[in-house]
Amino acid sequence: MPLPRPAFIAALLLGSVAAALIGLTVSHFWSGPGPSAELAPSPKPSPSPKLDYVATPIGAAVSEFGRPLVTHLDLVDLDRDGLLDVLYCEGQKNTVRWIRQTARGVFVEKVIGESIAGPAHVSVADVNGSGRLDVLVASMGQIMPSNDRIGAVIILENLDNQNFNKRTLMDHVARVTDVRAANLSGRTDGKLDLVVAQFGYDQGETRWMENKGDWRFESHVVNSQSGCVHAPVADFDGDGALDFAALISQEWEEVHIFRNLGKGVFKDQIAWGSTNEDYGSSGLAVADVNRDGRPDLIYTNGDGFDYSTRGPRPWHGMQWLENIGGGKFSFHRVGDLPGAYAPCSADLNGDGFVDLLAVSCFADWSDPEAVSMMAWLNDGQQHFTPVVLAHKPTHLVGAAVGDLDGNGVPVIVTGGFHAFPPYDKMGNITLWRRK
Amino acid sequence: MAQKVKKILAAAVLFAVVAIASAYLWHRFRLPARVHAGLPALPTDLARKPAELARRLAAAETLTRERAHAIEGASELGRLYHANGYLREAESCWRLLRAEQSKEARWSYYLADLRRTAGDGDAVASMLAETVRLAPNYAAAWLQLADFELKTGQTARAETHYRRRLELVPRDPYARLGLARAALQQDHRSDARQLIEQIVQDSPDFSTAHNLYAEMLAAEGRAEEAFRHRNLGREAGRFREAEDPWLDELQASCYDPKRLALLGTTAFQTRRGDRGVSYLRRAVELAPDDSAGYQSLGTLYLQLGEPAKAQPVFEQGLQLPVRGQDRVMLTVNLAESLRLQQRSADALGLIQKALLDAPKAYELHGELGAVLVDVGRIDESVKAYREAVALAPDDADLNFSLGSNLLVLGQREAAIFHLKRSLTLQPTYPKTLIVLGHLALEAGQLEEARRYWQPLYDSHPEQPTARHVLALYHLRAGEAAAAKKDAAAAEEHYRDGVRIDPDYAEIHANLGVLYLTQGRPTNALPAFEAYHRLRPKDAQSSLFLGQVYAQLGQFTDARKILAEGEQLAERAGNQVTAGYCREILGHLPPL
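Residue numbers restart at each chain and count upward from 1, following the sequence in its written direction. Here chains are named by letter from A upward and ligands by number from 1 upward, in the order in which they appear as written. Where totals are concerned, whole chains, interfaces and linings use all residues; where local detail is concerned, this predicted model gives features only for residues with pLDDT of at least 70, and gives and counts side-chain atom pairs only at 80 or more.

Comments concerning the overall build of chain B
The helix and strand labels rest on DSSP assignments: H or I over at least four residues marks a helix, E over at least two residues marks a strand, and numbering proceeds from the N terminus. Scanning chain B from N- to C-terminus turns up 33 helices and 0 strands. Taking 25 Å as the expected radius of gyration for a compact globule of 591 residues, we find that chain B reaches 35 Å, considerably beyond that expectation. Its C-alpha atoms give chain B principal-axis dimensions of about 130 × 70 × 45 Å. Backbone-placed C-beta atoms define the burial measure: a residue is buried with 20 or more other C-beta atoms within 10 Å of its own, exposed with 12 or fewer, and partly exposed in between. Burial analysis of chain B (591 residues in total) assigns 47% to the buried set. Atoms considered for the radius of gyration are the C-alpha atoms alone. The globule rule reads 2.2 Å times the number of residues to the power 0.38.

In structure tokens:
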């Protein structure tokens, strides 16, 4: 039986209202309030927990150079007297210098390598089985960008822990940025092979040099990409043979692992890479960040040498590549640091976990709050809290951490690279002790 | 019964229509509220930014309140934030827009860009995957995705996506480079090599392929080809990223002078000078009281070889109350732009006045030296350069300038000290290598000259002077070998010389003469032809060529060229050469 007309209209109206209400409700709750305005939390430099350091200049005074250009430094016991020393490369005078710790806390500087054009990296190893540590120097020819083949691999052969004989193993090649010694070919004679990073500019490469004895080396190029910055050595895949990594910047911005397959064969594989051509890769080092026994990689990006408008970029900072086995790595961003260089690791606050540290060369130095040294404290779960350690000296490229005082408390050593203004907060080599 | 069902169905349909329409209308009605809820607050530091940025942000924010323009406003805010370094705010906008317009690929693409900046690989991968799903024809996104995959060890996926890019951009060097690198990762070296060769052939301006190819060739011991490709790579200039219109269009929303300066200089470095000028002009307009903008724009004009345009820019910068190093550099650059317009007297006055205010600025002393050289006052220029070097002993340019001017004054020992100092600082400093090579040559130290000129050529084979001086070494070395009767060594040097500098006429002539004296006219012919081509008005070139034509029995050619030679020689008053031409003509068989 049909509904009477008024009732029909009323039913229609009621139905429509109900439908509209349902529609409105569904629409309202389904679409929600829109994406949250809340932004992802940004790690801000924190004043707490506090880590206070006292800075002490050591070695040559700033005035000796005018504007010091420390390109790299390392902490080593070069003369094996039980006291850590500081070795550094200085680009203003083209020298390699040894700040020897003659007695605990007493530092005496000596130039051990002269006329080494654009010294960029220094490391030590007993290359030829003499029982003494030789000094390996990467010579760029000139530090500022150049595509010319002006690089060299130089070894300062340690004659008697006081005198060093300069040997040029290779020259007139794409600019060399890193040389390290390692037993890559499974030798049993105590001699070591070399890993060589050649930044070049548009043209560069990565190679290893097989020690043939009597200071003769045979080169094997393993990668032809330009921009290799550092090439640290470790057994990354855990097979007992030493592998090496390479940080390849320029247009590539990648970390490569060269897995040692034996018999001089190295398998090149990309561990990680940024698709940001301007990422600014600046430093790579080995550290077991999560203490799982596998060597991880710590990695800074903050390079500004090639910028015509130098300065920070929002993506500059620190990251670590977790070694997940089988030569594979997982990327973890640690934090921001404009102009970051020289990734280091140490237990800075004594809590038993591996903290990270980096310095800055290309921050916005017109800002008095710009950070020149930053630590990231590890809570043991690889959650890092940034802690500002210093605002000056500015323009830091080199840093290293070690137990210089022999008391188990890590001491930081930094080097200033003052090629760019402002020049009002300069330093050469600075030693940082915890208060 | 059926009718009742129909009625129920009709009522249900009507109910659904009304519900859906209501939902839609409510959704539309709530748009501005949703947009507002999703947008971040305006940044608090805008007072320190150009007013134009604040004005545009405010205008865009107002738009978001209008129902019809809320989306437009939000996207404008996103562009402004993204392009001016407010990355977290930009991310909020793009997230909001992605939620509102789920079919628009740009939003996920921009989010991918921001997540890339934050080092968030997982989000980059997912946003790029979304982009290519929504916009399968946007080639830049496929490249980004493939590059990301290659760099995170997903080689097979990367290969697939590089191929997709190649379908969209046939012969694309970026995709081919990616495929080559993927092949290398899989130890497929011959495939990689083939792809690199394809790029070198199809995209000769793609420097990276030349650079990689050069190293491949070098590893095979093919040094000369490697050298050639290194040089081609250098000539092709810096690597530049693939075109990406969606990211590029963000730059139009940049109102941050520092960012614009960066964009401008990057554009110049990648051979987009016009675009660079436009960015830097905008930087100056936005911050007319900041001398850095004038410095960057003026310098770019100087680099582009336009000193007349640079001059007023530096002058405007100097009208600001700038002090210290900024003032010094503006003055030095203004003086340079004046000098380049042959207005050295004006430059001199400018620098002398500036030195009164900044007597310790080595840059001013250096520029004073350059101006004084221009006006021929070498004694004074040396004094100025000495001042400059005393203040900046490790500056390669200043050491070279001091050394080269000391040389003009005859102070050779001091000159060589400073020239060598410049080489210590910059081992391939071209001007020093040229000068020291000439000094060695003058002193008869041929191999010493080569020690300077070979690295010059190796570093700058594209420079005519570098080619010329190394060829000059080979010319002199060839002559020395010929004098010692070592014809083989002489020939080798001459051949090296013309290979390095094919336009060096004297070397062609010497090579031709050497062949003739050895009774090898067939070998001499191309050498003399080259000599004559390079020196068509030189009677001697006609004489040599005619002589070799005659020896080879090409009498018609010989007659023609010798007649020319005779005329040229007589016109030049060179009776000896004219006589030789006549003599050979006289011995030719009659026509």
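Once the structure has been displayed, the description carries forward.
A few points about the overall build of chain A
Of the regular secondary structure elements, chain A holds 2 helices and 29 strands. On the principal axes, the C-alpha backbone points of chain A span a range of 115 × 50 × 45 Å. The contact criterion used here is simple: two residues whose C-beta atoms, placed from the backbone, lie within 7 Å are in contact. Restricting to contacts in chain A with at least 6 residues of sequence separation, those with at least 24 account for 50%.

Re the nonpolar core
Working definition: the nonpolar core is a set of buried Ala, Val, Leu, Ile, Met, Phe, Trp, Tyr and Cys residues, joined through C-beta atoms within 7 Å. Residues A:Leu87, A:Val135, A:Val137, A:Ala245, A:Ala358 and A:Val413 are the most contacted members of the largest nonpolar core, which totals 280 residues. Here this core takes 9 residues from helix α8 (residues 139-151) of chain B, the largest share from any one element. If near-sequence neighbours (up to four positions away) are discounted, A:Ala358 is found in contact with A:Thr300, A:Met318, A:Leu337, A:Ala340, A:Tyr341, A:Ala342, A:Pro343, A:Cys344 and A:Met374.

Some points on the pairing of strand β4 (residues 95-103) of chain A
Every regular strand shows the same layout, with side chains that alternate between the two sheet faces. All names here are of chain A. For strand β3 (residues 85-90) and β4, the ladder comprises 5 bridges, and the chain directions are antiparallel. What sits directly across from glutamate 90, in β4, is threonine 95. Judged from the 7 bridges that link them, β4 and strand β5 (residues 106-113) form a sheet pairing that is antiparallel. Among the inter-strand pairings, alanine 103 is bridged to a residue of β5, identified as valine 106. For two strands to pair, DSSP has to find at least two bridges joining them. Where β4 hands over to β5, the hairpin turn is made up of 2 residues, of which glycine 105 adopts a positive phi near 85°.

Quick look at the interface of chain B and chain A
With 60 residues of chain B in contact, the opposing surface of chain A contributes 51 residues. The biggest single contributor to the side of chain B that touches chain A is helix α1 (residues 2-29) of chain B, with 10 residues. As a working rule, the residues Ala, Val, Leu, Ile, Met, Phe, Trp, Tyr, Cys and Pro are called nonpolar, Asp, Glu, Lys and Arg charged, and the rest polar, with Gly in that last group. Classifying every residue of the side of chain B that touches chain A by side-chain character gives 25 nonpolar, 23 polar and 12 charged.

Quick look at the sheet that holds β5(A)
By way of backbone hydrogen bonds, the strands of a sheet pair with one another, either parallel or antiparallel. All names here are of chain A. Overall, antiparallel pairing links the 4 strands, which are arranged β2-β3-β4-β5 in an open sheet. Here the strands that pair on one side only, and so sit at the sheet edges, are β2 (70-76) and β5. Strand-to-strand twist across the sheet, computed as the mean angle between neighbouring axes with direction ignored, equals 20°. Here an angle of 0 to 180 degrees is reported between the N-to-C directions of two axes, which are lines fitted to C-alpha atoms, with helices fitted over the stretch in contact.

Focus on the confidence of the model for chain A
For every residue, the predictor states its confidence as a pLDDT score lying anywhere from 0 to 100. Across chain A, pLDDT averages 90, with 91% of residues at or above 70. Ignoring residues within four places in sequence, the model shows residues 32-43 of chain A, a span with pLDDT below 50, making 25 contacts including any to other chains.

Side note on the sheet that holds strand β8 (residues 151-158) of chain A
Residues and elements named next belong to chain A. Read from one edge of the open sheet, 4 strands run β6-β7-β8-β9, paired in antiparallel fashion. This sheet does not close on itself; its edge strands, each paired only once, are β6 (119-125) and β9 (164-173). Strand-to-strand, the axes of this sheet are offset by a mean angle of 15°, without reference to chain direction. For β8 and β9, the ladder comprises 8 bridges, and the chain directions are antiparallel. Each bridged residue has a counterpart across the sheet, and for glutamate 157 the counterpart in β9 is asparagine 165.

Examining helix α33 (residues 575-587) of chain B
Residue and element names in this part refer to chain B. The span you would expect from a helix comes to 1.5 Å times its residue count less one. Taking 1.5 Å of rise per residue, the 13 residues of α33 would be expected to cover 18 Å, and the 18 Å separating its terminal C-alpha atoms lies within 8% of that figure. Within the sequence span of α33, burial applies to Ala578, Tyr580, Cys581 and Ile584. The buried side chains of α33 occupy one side of the element, clustering within an arc of 160° when seen end-on. Looking at α33, the residues exposed on the side facing more than 90 degrees away from the buried face are Gln575, Val576, Glu583, Gly586 and His587. The inward-facing, buried residues of α33 contact α31 (539-551) and α32 (555-571). Along the arc lie the directions from the helix axis toward the C-beta atoms.

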